[in-house]
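Close look at the chain arrangement
As a plain string of letters, each chain reads:
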Amino acid sequence: MDPRFRVDLIAATPHPQQCVYAAMHQDYSEGYVVDDRANWPEESRAGEICVKRLLAGERGHYGPLEHGQIVLNVGWFPHSVMQQARTHRVGVSFDVQCLAANTEITFLNAGGGLKKIRIDALHDLWTHGERATRQRQIRGRHGEAPGTYRRDCRQRLQKMKLRVLNEATQVFETSQLTDVICSGLQPVYRLTMEDGRSLDCTANHRLFTPQGWQTMAEALSLRVGRDGGVQSFRRTAQVLANGNVAVGSGAYRDSGWLRQQVEAGATPGEMADRAGCSITTIRDWARRHQIQLTENSRCFQPGDKPWNHNPSALYRQQEWLRQRLEEGLHVNEMAELAGCSGEAIKKWVYHYGLTLNRRPTGFQKGIQPWNKERGGYRLQLSEASREARRANGKRITRRGSQSNFWKGGVSSERELIGAWTRQIAPQVHRRFDYTCQRCGLRGSDQQLHAHHLVPVYADPSLGCEMENLVTLCQPCHAFIHKHHQEADFAATFSPRKPVTDWPEKPRPQGRRLMAHPLTVVNVEFLGTQMTYDLEVQGPWHNFVANGLVVHNSMRYTGERIVRAANGHTDLEEVFYLRPVGNYSDRQGKKYFYSPEERAKDLEICLAAAKRYSDMMDAGFAEEHARGILPFDYRQHFVVSFSLRAFLHFLDLRAKLDAQDEIRHLCDLMWPHLQSWAPEIAAWYEKSRLHKARLAP
């Protein structure tokens, strides 16, 4: 068989036969077995007892075999072997990298906020669906029984925006899930970062470091003992995390700079202008550094009283209100006596638990409304009367600092222009006969917008000019601004200011995040846990787990294939083909795989590698290009077994009629079982190996 095939030990439970002995002994003992540890037999004797009392009698009680765990690294086997091996039972896990169940995966909501889901909960939703809030009363469309059920939600999960890192720009973007995988029981380590965040993962999970993608063990130079415990790690190792806003000079991250600005009396808006970022960013970093910001002043500060506050006012006196109500006065009459508004009277009447005198309504039984059968009415005002009403409104209405809604003059000039534009919009639409000047759509005021021909950013002095406004429908208005076509559209209306003189349109700074390194301060072994992983749609195959950038489980052969296509790597280092020889299938069909046939297959592999390389150069996604490759490209993976699952796997795949390649995998794994649990392996070799019996 192929000399490139390899199987190497990564980790194994020390003294596995003693573990099985202890578990077996506890099942039949009333005492606490650990208290009797000094009397446990040594490893080889424990193995003999397990064979005699647990295995040789074939009692069917094989649960104690679950407690021993072994992890093997498999290399250069064809992809079909890994796919075939993955189909087997619980307790067998095939994956190159895994995360613990408590890991939180970061998604983006439609509104821009974050949504974090534990990876075990995500796998449960992906596999079994979401729990329905109601029970099914009748049989379902596909024959489902009535009662509690779960609805498939995989399509919805696939549409969710998963945060990923653009490895070229170091800026975070979004992608979608393609699969959520349970990787079985694996030895798990906890990485603790300098800012307190942590990540539970296997030693071979790839993390994004300042040096690129590395496994956790490589990045930390991790050394572990036979029991999996951490012996040493490199304390200067760093892993990239998310959280830094990718705008401005970055001064907002400096706590000293923030405190200096606060002491100088700068507001968040002023600090944002100086740092070249958003106000939200300033507030976010001030909260991280526990710095109290100086907010803009407002008219009403805590403890301030309204300008018309009068504690001795009549309407505040309970006895006065009661007397007026007993006299039969109504709200407006009481308000006139007290010199206040009717709402103030209502407020204090309700405050004291009193009841207002209700005035009889105009529509009593038998009284005919004055406007019955009239088709409508309007104010019959002359233009002079209308102008007089406008003048009185300007004179009577309290504006600026005299207004009840005054907030200290915080509205910007651009906000005032926007408010004026919305107010004047009906007159603009009437002028253009309620017709969009771009697409010709005719509609109501609610469907139409008033658009500045010369944008406000180009010339603010024209922001409140009626002649600078035209009617557009909402879709056209949004399209022009989204695609920056203000100049092209305005040219058709001959604006007052030449288009060529307009300054560049200001662009929003946004809230894009960049990756930044964090130092690992501690690593601890957590034991064996259930683990999971994701597959992510390209082109960036990563995601954010507990705030750290980690690689997804998709296995790559890309660089090796490109090197093989260019002749820099032996083609058979990348693709697996059986040796020339005689073969037969399970049905007894015999055939000869000739050198000529093998040469043809090698040509097909080379053509596929070249096509793959061309597609990658053309910018195709890697998962798209990989679809044209022969199925048996070589692959490395990690496999973990409990002792019971190991024996079960050998029963299924070490039998004499199994596929040649997976039988060879069993042959290479067999010595590791012999050295790990020798007495149990000897019993298995004698009674079950190659006999195709179902595993214990």
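Just so you know, these numbers come straight off a predicted model, no measurement behind them. (Residues numbered from 1 in each chain as written. Predicted model: local features only at pLDDT ≥ 70, side-chain atom pairs only at ≥ 80, totals over all residues. Heavy atoms only, no water.)

Quick word on unusual backbone geometry
We note that Gln 290 has phi near 55°; this positive angle belongs to a residue other than glycine. Classification of Gln 290 as exposed rests on a relative accessible area of 74%. The phi dihedral of His 484 is positive, around 55°, even though this residue is not glycine. Topologically, His 484 is positioned in the loop between helix H15 (474–482) and helix H16 (486–491). Residue His 484 is classed as partly exposed on the basis of its relative accessible area of 39%. (Buried < 20%, exposed > 50% of the residue type's maximum accessible area, 1.4 Å probe, protein only. Helix = DSSP H or I, 4+ residues; strand = E, 2+ residues; numbered from the N terminus.)

Here we look at the pairing of strand S14 (residues 212–215)
Pairing analysis gives four bridges linking strand S13 (residues 206–209) to S14, with the strands arranged antiparallel. Opposite Phe 208, over in S14, you have Trp 213 as the bridge partner. Between S13 and S14, which follow one another and run antiparallel, lie two residues. (Pairing = 2+ DSSP bridges.)

Details of the side chain of Gln 17
Residue placement: Gln 17 occurs in helix H1 (residues 16–27). Within the structure, Gln 17 has its side chain in polar contact with the backbone nitrogen of Ile 680 (distance 3.1 Å). When residues no more than four places from it in sequence are discounted, the contact partners of Gln 17 are Glu 43, Ser 44, Ala 46, Gly 47, Cys 50, Ala 677, Pro 678, Glu 679 and Ile 680. (Polar contact = N/O pair within 3.5 Å; in protein donor to acceptor, adjacent residues only side chain to side chain. Contact = heavy atoms within 4.5 Å.)

Some words on the packing of aromatic side chains
On inspection of all chains with the given rule, the structure shows 10 aromatic pairs. Measuring from centroid to centroid gives 4.7 Å for Phe 208 and Trp 213, while their planes differ by 35°, and the two rings are tilted. Overall, the relative accessible area of 8% leaves Phe 208 in the buried class. Between Trp 670 and Tyr 684, the aromatic rings sit 6.2 Å apart at their centres with planes inclined by 40°, giving tilted as the arrangement. Highlighted residues: Trp 670 in helix H21 (residues 660–676) and Tyr 684 in helix H22 (residues 678–687), separated in sequence by 14 residues. The exposure classification of Trp 670 matches that of Tyr 684, with both residues buried. Put simply, the rings of Phe 5, Phe 77 and Tyr 576 touch in pairs and so form one group of aromatic residues. One residue, Arg 163, lies across the ring of Phe 172, its end atom 5.8 Å from the ring centre. (Phe/Tyr/Trp six-rings, centres within 6.5 Å; stacked < 30°, edge-to-face > 60°. Lys NZ or Arg CZ within 6 Å of the ring centre and 35° of its normal.)

A few points about the pattern of salt bridges
Inspection of every chain in the model, using the stated rule, returns 20 salt bridges. Arg 6 is the salt-bridge partner of Asp 8, the closest N and O atoms lying 2.8 Å from each other. In this structure, Arg 322 engages Glu 319 in a salt bridge whose closest nitrogen and oxygen atoms are separated by 3.1 Å. With Arg 322 and Glu 319 both in helix H10 (residues 318–326), this residue pair falls three residues apart, about one helical turn. Given a relative accessible area of 28%, Arg 322 falls into the partly exposed group. Taking the relative accessible area as the measure of exposure, Glu 319 reaches 45% and is therefore partly exposed. Residues participating in the shared-partner salt-bridge network are Asp 2, Arg 4, Asp 570, Glu 573 and Arg 634. (Salt bridge = Lys/Arg side-chain N within 4 Å of Asp/Glu carboxyl O.)

As for the state of the cysteines
Each disulfide consists of a covalent bond between the sulfur atoms of two cysteine residues. Taken as a whole and judged by the stated rule, the model has zero disulfides. No disulfide involves Cys 436; its sulfur sits 3.6 Å from that of Cys 439, the nearest cysteine. We classify Cys 436 as buried; its relative accessible area is 3%. (Disulfide = S-S within 2.5 Å.)

Overview of the confidence of the model for the protein
Here the protein shows a mean pLDDT of 81. Residues at 70 or above account for 86%. The least confident element of the protein, judged by mean pLDDT, is strand S3 (residues 92–94) at 44; the most confident is H10 at 93. For residues 89–96, every residue scores under 50 in pLDDT, and the model assigns this stretch 34 contacts once sequence neighbours within four places are set aside. (pLDDT = per-residue confidence, 0-100.)

Some thoughts on helix H18 (residues 595–617)
The end-to-end C-alpha distance of H18 is 33 Å, a good match for the 33 Å that 23 residues give at a rise of 1.5 Å each. Within H18 the residues assigned to the buried category are Arg 598, Cys 605, Ala 608, Ala 609, Tyr 612, Ser 613 and Met 615. (Expected span 1.5 Å × (residues − 1).)

Remarks on the pairing of strand S18 (residues 448–452)
Burial runs high along S18: four of the five residues are buried. Examined bridge by bridge, S18 and strand S19 (residues 469–473) share five bridges and lie antiparallel to one another. Within S19, the position partnered with Ala 450 by the bridge is Thr 471.

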